[in-house]
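Structural characterization, general
Next come the chains, spelled out residue by residue.
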Amino acid sequence: MKFSIRSALAAWLCQAALAAPGMAHADGLLVVDNPARIGDATGAYAVVEGFQGSDAVAIRQFLSDWQGAYTPVAGNNVGIMAARSEAGMQWNGFRLGALYRAQALVQTNRDTTDLVRQYNTNSGYDSGRSYNMDYRLSGFAARGLRLGKSLHFDAGSNWQLQGGLAGALLTGTQLKMESASGQAVALNAQDFSADTLLNSRNSALDTSDPTRFNPFVQPQSFGGEGYALDAGLVLRRLDGLQLELAVNDLAGQMDWKGVPQRVTNYNTATKVYDAAGYAHFNPSATALSSYTSFTQVLDPKLWMAVSYPVGSFTAQAGTSYSADLWLPEVNLAFALAARWQVKTGYDLRFGTLQLALQNPWFELALRTDNTDLAQAKGYGLRLAVTIPL
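Residues numbered from 1 in each chain as written. Predicted model: local features only at pLDDT ≥ 70, side-chain atom pairs only at ≥ 80, totals over all residues. Heavy atoms only, no water.

**Some words on the overall build of the protein**
Along the backbone of the protein there are 2 helices and 20 strands. Taken against the 2.2 N^0.38 rule, which gives 21 Å for 389 residues, the C-alpha radius of gyration of the protein at 23 Å falls within 12% of a compact globule. Expressed along its principal axes, the backbone C-alpha trace of the protein runs to roughly 70 × 45 × 30 Å. Taking all 389 residues of the protein together, 50% fall into the buried category. Partitioning the contacts of the protein with sequence separation of at least 6, the portion at a separation of at least 24 is 67%. Element-wise, carbon and sulfur atoms account for 60% of the exposed surface of the protein, whose accessible area totals about 16600 Å². (Helix = DSSP H or I, 4+ residues; strand = E, 2+ residues; numbered from the N terminus. Rg over C-alpha atoms; globule rule 2.2 N^0.38 Å. Buried < 20%, exposed > 50% of the residue type's maximum accessible area, 1.4 Å probe, protein only. Contact = heavy atoms within 4.5 Å. Areas by Shrake-Rupley, 256 points an atom, 1.4 Å probe, with all protein chains shown as cover.)

**Concerning unusual backbone geometry**
Here Trp66, not a glycine, exhibits a phi torsion of approximately 65 degrees, which is positive. Along the polypeptide, Trp66 turns up in the loop between helix H1 (59–62) and strand E4 (77–91). Of note in this structure, Asp324 is not a glycine but carries a positive phi near 65 degrees.

**What to know about the packing of aromatic side chains**
In this structure the tally under the stated criterion is 9 aromatic pairs. Measuring from ring centre to ring centre gives 6.1 Å for Tyr119 and Phe192, while their planes differ by 75 degrees; the resulting arrangement is edge-to-face. Highlighted residues: Tyr119 in helix H2 (residues 110–121) and Phe192 in strand E8 (residues 192–202), separated in sequence by 73 residues. Note on accessibility: Tyr119 and Phe192 belong to one class, buried. With 4.9 Å between their ring centres and 70 degrees between their planes, Tyr125 and Phe192 make a pair best called edge-to-face. Here Phe192 lies in strand E8 and Tyr125 lies in the loop between H2 and strand E6 (130–156), a separation of 67 residues in the sequence. For Tyr125, a relative accessible area of 5% gives the class buried. Taken together, the ring pairs connect Tyr119, Tyr125 and Phe192 into an aromatic cluster. Stacked on the ring of Phe294, the Lys or Arg Arg201 has its end atom at 4.1 Å from the ring centre. (Phe/Tyr/Trp six-rings, centres within 6.5 Å; stacked < 30°, edge-to-face > 60°. Lys NZ or Arg CZ within 6 Å of the ring centre and 35° of its normal.)

**Quick look at the pattern of salt bridges**
Enumeration over the complete set of coordinates arrives at 18 salt bridges. Taking the shortest distance from any N to any O, the salt bridge between Glu49 and Arg382 comes out at 3.4 Å. Here Glu49 is found in strand E3 (residues 43–54), whereas its partner Arg382 is found in strand E20 (residues 378–388), with 333 residues between them in sequence. Arg382 matches Glu49 in its accessibility class, with the two residues each being buried. Measuring nitrogen to oxygen at the nearest pair gives 3.9 Å for the salt bridge that ties Glu86 to Arg146. Here Arg146 lies in strand E6 and Glu86 lies in strand E4, a separation of 60 residues in the sequence. For the pair shown, Glu86 and Arg146 are each scored as buried. One network of salt bridges, in which partners are shared, links Asp33, Arg84, Glu86, Arg95, Arg146 and Asp230. (Salt bridge = Lys/Arg side-chain N within 4 Å of Asp/Glu carboxyl O.)

Dropping the structure here:
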């Protein structure tokens, strides 16, 4: 059995939400929605947005067998997925919509990243090297209803302030939380010894095979219920300078029940060898199975940005942040005739370039670092349609 990091993001669709100008707005790679941007006009909206990114290998290889170019970074290597979709109505600064959201964050240190790459590709281990294992994954998907409200204030001295709050009631549909720690030592290019513990809580875990999942208690039905609170501010000066701060999951949690859990010890006693002589592990011999219930406290996600118009252009610098991960980006928008706007952007973590076209009723944005998506380390999509009523 190979480390499950390679399938960390495969279970979720890349869906997300963005409302058109004058409505609630999502920004950054983490798809942070700012309720301060909810407008006063009455209308219906349908929006979708998502992003996936990986440091070490292309996204499709991250979800597969880690072939192709290998470009790890110093320190923690991450894989992320952030997604939202929403549809509903807006009126008088209120917004009520049906929401779907999904997110996943994988973090590994350099030792773990190197070993996973070598293990999956049979590319040879660094003989004599000691690998300190550190792997963490947190991801879930949920649907629900979200209600938001924006307020507008005259801040004086040519400043205008918008503020907003939103809350969502959520029903969990998928969950995957994993962690691994321990040590591995390469004995030669084909063999290594290990003493590593993997703890996996996964709603998609196959519980039908009693040789792999055999808990002491009877099966329990899986489910999750929770909530999330969001807040945001937009501060504008008369000359066009704009400061923005939005926090999603400022407060929030999910209460999960009946989650299949499997604790596996990868050690020398469970080691086997393939036909080419490479070491692999049979974790079934040391796995403990159970069903568990617990509360997941949601990590806040931030979007911070400053923008300023220069002629027909508007320049913006911003960053997303969550769980000690910073994702900075720079953007440049150009105003066209008849209320159309073209926007470009570049993120500094994954090197993706965004191109967008928008007007008050429609927006389409695409983002990638490689037009050959099989080789891309990051890609995203944003689509919004608004219907005035």
